[in-house]
Amino acid sequence: MLTDPNLKSKVDLLWDKLWTGGLSNPMDAIEQFSFLLFLKRLDETEDLNERQAKRRKEDYQPKIPLEMRWRNWTQKKAEDALNHVKNKVFPWLKEMGNSDNEEENEEGNEQETNEDKSSFSEYMQTAEFKINKPSLLIEACKSIDEMKISEQNQDVQGDLYEYLLNKLSIAGRNGQFRTPRHIIRMMVEMVEPKPTDRIGDLAAGTCGFPVNAYQYILEKNTSPEILFDEKGNKHLVGDLLTLEQQEFLQTEAFTAYDNDSGMTMLRIGSMNFMLHGIEQPRFFAKDTLSKRFDDENTLDLVLMNPPFKGAVDAADVHPKLAGLSKKSELLFLHLILRVLDMGGRCAVIVPDGVLFGSSKAHVEIRKKIIEENRLDGVVSMPSGVFKPYAGVSTAVLLFTRGGTTDRVWFYDMEHDGFSLDDKRQPVTENDIPDILDCWKNRFNADVAKQNQERLADLKMQIAPFKAERLLLHKEINRLTFENAVAPADDEATRQALETDKQKLALLHEKISLVQNEINRLNRQF
């Protein structure tokens, strides 16, 4: 989510400018903001691609014509800039993602060809540039420049979109919450996407999961000597990928779906794909729970956060899902098992009810996952992860299609690196690095032995501290009583009480350090 107060204030200011500038429909304001933000980030991405080419010691062929670049047309006079955007830049933008050799659709084969072409170009065909005041365009561009988007260490486009939706009280409706990027990255690292995986998200929103999976693959396939530059900036070049792998990643590896009733989410998700290097995104408008979605055994990896408590159209539910449940989170689990190929993996966020619900539908899906497939792990997350939109308790399920469950790794996350209130400010407590380390070593008998030995040692360390704490509490209680009844000039009793309180405070610090490590070692089992 968006936590930077300065960035929030700049977004609020731009929102007001768009509103007073004639965009009275809030969704229009959000969409026009998204178009401008996309054009700005395209310009920055072009610079990044050029730097990466230099690191690979390759010549760089510009992908964006100079006259279409943000840095070019934003320097024009206001009226000239608006005419240029409306007549040249936006028509060019609407055609982005079309392949050069795209053939005409043949009659009777429309569905197949639609899913072969770029979703971005498809959804942009009906898009309109609705900023009609030259001064508003220039003011909006200046505001976006001042946001310094490229310097933000987060998935800013999705965060900004979520923040704007929250203004409309739309975010969180029907249980749809944008997944925090650090949670997405944790899940991606746990399932370790490969360059040959067919990866999907069946309720993709802004496509954060497939985008982060792509970034993970690029990072793991970038030579260590060029991964970081002299300033410590990371460059996901993917130079170790074969030509076949590069082609597969661009054209087949990632498939996403969303059931958004309008085009805004679909356009933004497609933009997110393109900004991160997928030039022909495959992001489709489809209700994956419906009769119109027949896919089976088509994916090797599913990463998703399906909507909780979402409304399900019982009359349109796919026949293979009909009657299983009325809860969308349970239907999505059945769907995931259907679309995964044998041996396929999944990391999915579910409400705690999936783990502990007692209804027939809850029991059946747990039985199916455990007895007919392999439940690999569960990460229980604190209820504040989705604040400020909801305080629902959730967990990450990690499972593999096929086989049976032998043992399940479990981790009880207490901290995710942010405060668990509505503000969600960064904090030092963060279990995610330990989660990733424990997950990686879950089958390592030596590590397990070391942890048990360390745990036993810590319990021995803390025992005398706790015994001393009991004695101090007893003494402080005695001195407190004596101090209450002592004469006013009894300085010795007062001084002894203060000394013991200071000793107790220091002792608490010692106990806390040891207890925190004990708690960490006890969070996984």
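What comes next concerns the included structure. Chains are numbered independently. Their residues run from 1 in the order of the written sequence. Only residues with pLDDT of at least 70 get local features here, since the model is predicted, and only at 80 or more are side-chain atom pairs given and counted; chain-wide, interface and lining totals rely on the full set of residues. Excluded from the side-chain calculation are hydrogens and water; included are all heavy atoms of the structure.

Remarks on the sheet that holds strand E4 (residues 299–304)
Stage number 1. Overall, mixed pairing links the 8 strands, which are arranged E3-E2-E1-E4-E5-E7-E6-E8 in an open sheet. Bordering the open sheet on either side are strand E3 (283–285) and strand E8 (409–412), each of which pairs with just one other strand. Strand-to-strand twist of the sheet, defined as the mean angle between neighbouring strand axes without regard to direction, takes the value 15°.
Stage number 2. A pair of strands is considered paired only if DSSP assigns at least 2 bridges between the two. To qualify as a helix, a DSSP run of H or I must reach at least 4 residues; to qualify as a strand, a run of E must reach at least 2; elements of each kind are numbered from the N terminus. In terms of strand pairing, strand E5 (residues 340–351) meets strand E7 (residues 394–400) through 7 bridges, oriented antiparallel. Opposite Ala347, over in E7, you have Leu398 as the bridge partner. Only the stretch in contact is used when a helix axis is fitted, and all axes are lines through C-alpha atoms; the angle between N-to-C directions ranges over 0 to 180 degrees.

Topic: the pairing of E4
For a regular strand, side-chain orientation follows a simple rule: the groups alternate between the two sheet faces.
Stage number 1. Each residue is placed in one exposure class: buried if its accessible area under a 1.4 Å probe, protein chains only, is under 20% of its type's maximum, exposed if it is over 50%, and partly exposed if it falls in between. Burial runs high along E4: 6 of the 6 residues are buried.
Stage number 2. Sheet analysis places strand E1 (residues 199–201) next to E4, joined by 2 bridges and oriented parallel. The residue of E4 that forms the bridge with Gly200 is Val302.

Here's the deal with the pattern of salt bridges
Stage number 1. Salt bridge criterion: a side-chain nitrogen from Lys or Arg within 4 Å of a carboxyl oxygen from Asp or Glu. Summed over the entire model, instances satisfying the criterion amount to 28 salt bridges.
Stage number 2. A salt bridge links Asp434 to Arg520; its shortest N-O distance comes to 2.9 Å. You can see Asp434 sitting in helix H17 (residues 432–440) and its partner Arg520 sitting in helix H19 (residues 491–522), a full 86 residues away along the chain.
Stage number 3. Exposure remark for Asp434: the relative accessible area of 12% places this residue in the buried category.
Stage number 4. Taking the relative accessible area as the measure of exposure, Arg520 reaches 28% and is therefore partly exposed.

Some remarks on unusual backbone geometry
Stage number 1. At Cys207, a position not held by glycine, the phi torsion is positive, near 70°.
Stage number 2. Relative to the helices and strands, Cys207 is located in the loop between E1 and helix H10 (208–220).
Stage number 3. Of note, the phi angle at Asn297 is positive, near 55°, even though the residue is not glycine.
Stage number 4. Assignment of secondary structure puts Asn297 in the loop between E3 and E4.

A closer look at the packing of aromatic side chains
Stage number 1. Side-chain rings of Phe, Tyr and Trp, where Trp is taken by its six-membered ring, are said to pair if the distance between their centres is within 6.5 Å; with planes under 30 degrees apart they count as stacked, over 60 as edge-to-face, and otherwise as tilted. Summed over all chains, the structure comprises 9 aromatic pairs.
Stage number 2. A centroid spacing of 5.3 Å and a plane angle of 65° characterise the contact between Trp70 and Trp73, whose relative ring orientation is edge-to-face. Pair noted here: Trp70 and Trp73 are both in helix H3 (residues 70–73), with a separation of 3 residues, about one helical turn.
Stage number 3. Trp70 sits in the buried class, given a relative accessible area of 2%.
Stage number 4. According to the relative accessible area criterion, Trp73 is buried, its value standing at 0%.
Stage number 5. Summarising the aromatic geometry, the rings of Tyr257 and Phe293 are spaced 5.0 Å apart at their centres and angled 75° between planes, so their arrangement reads as edge-to-face. Taken together, the residues span a long stretch of sequence, with Tyr257 in strand E2 (residues 254–258) and Phe293 in the loop between E3 and E4 at a distance of 36 residues.
Stage number 6. Judged by its relative accessible area of 4%, Tyr257 is buried.
Stage number 7. Through a chain of ring-to-ring contacts, the aromatic side chains of Phe35, Phe90 and Phe129 assemble into a single cluster.
Stage number 8. The lysine or arginine in question, Arg442, covers the ring of Trp439, its NZ or CZ lying 3.5 Å from the ring centre. Ring-over charges, as used throughout, are those where CZ of Arg or NZ of Lys falls within 6 Å of the ring centre and within 35 degrees of the ring normal.

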